[in-house]
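# Survey of secondary and tertiary structure
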Amino acid sequence: MTATATEMQNNFGRYLALVQGGNEVIITRNGKEVGRFIPRAATISYLTDSLTGILKGDMDMDQAREERLKEKYEVVD
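Throughout, a residue's number is its position along its own chain's written sequence, starting from 1. Only residues with pLDDT of at least 70 are given local features in this predicted model, and only at 80 or more are side-chain atom pairs given and counted; all residues enter the totals for whole chains, interfaces and linings. In computing side-chain properties, one takes all heavy atoms of the structure into account and sets aside hydrogens as well as water.

### Digging into the nonpolar core
A general feature of soluble globular proteins is that nonpolar side chains tend to end up buried together. Applied cut-off: Note on terminology: a nonpolar core comprises buried Ala, Val, Leu, Ile, Met, Phe, Trp, Tyr and Cys residues joined through side-chain atoms within 4.5 Å. Under the scheme applied here, a residue whose accessible area is under 20% of the maximum for its type counts as buried, over 50% as exposed, and between as partly exposed, the area being computed with a 1.4 Å probe on protein chains only. A helix here means a DSSP run of H or I that spans at least four residues, while a strand means a run of E at least two residues long, and both kinds are numbered starting from the N terminus. Residues count as neighbours in contact if any of their non-hydrogen atoms are within 4.5 Å of one another.
Ala-3, Ala-5, Met-8, Tyr-15, Val-19, Val-25 and Ile-27 form the largest nonpolar core, which has seven residues in total. Secondary-structure elements contributing two or more residues to this core are helix 1 (5-10), helix 2 (12-20) and strand 2 (25-29). When near neighbours in sequence (up to four residues on either side) are disregarded, Ile-27 contacts Ala-3, Thr-4, Ala-5, Met-8, Lys-32, Glu-33, Val-34, Gly-35, Arg-36 and Phe-37.

### Quick notes on unusual backbone geometry
With a phi angle near 55 degrees, Asn-30 is a residue other than glycine that sits in the positive phi range. Asn-30 gets classed as exposed once you look at its relative accessible area, which sits at 77%.

### Points about the packing of aromatic side chains
Using the following cut-off: Any two rings among Phe, Tyr and Trp, with Trp reduced to its six-membered ring, count as a pair given centres within 6.5 Å; such a pair is stacked if its planes are under 30 degrees apart, edge-to-face if over 60, and tilted if neither. Look at NZ for Lys and CZ for Arg. If either is within 6 Å of the ring centre and within 35 degrees of the ring normal, a charge sits over the ring.
As enumerated under the stated definition, the model contains one aromatic pair in all. Between Arg-14 and the ring centre of Tyr-15, over which it is positioned, the NZ or CZ distance is 5.1 Å.

This is how it looks when you write it as structure tokens:
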């Protein structure tokens, strides 16, 4: 579903109910998309999709932390 910024402002309760029902609302201003109003459960999907290809393989968080700290605080002669 698409709504203009003015429609969203004037009918926020209606659009909130739609999102609570699982729908996504795309907000436009002057014909261009400026944002999306999405259900909370969908945010996880958006975040993981945006990280696809960035995180490769298994990562040991403790090892990664140690490496970052070593880079940051290691004294180079």
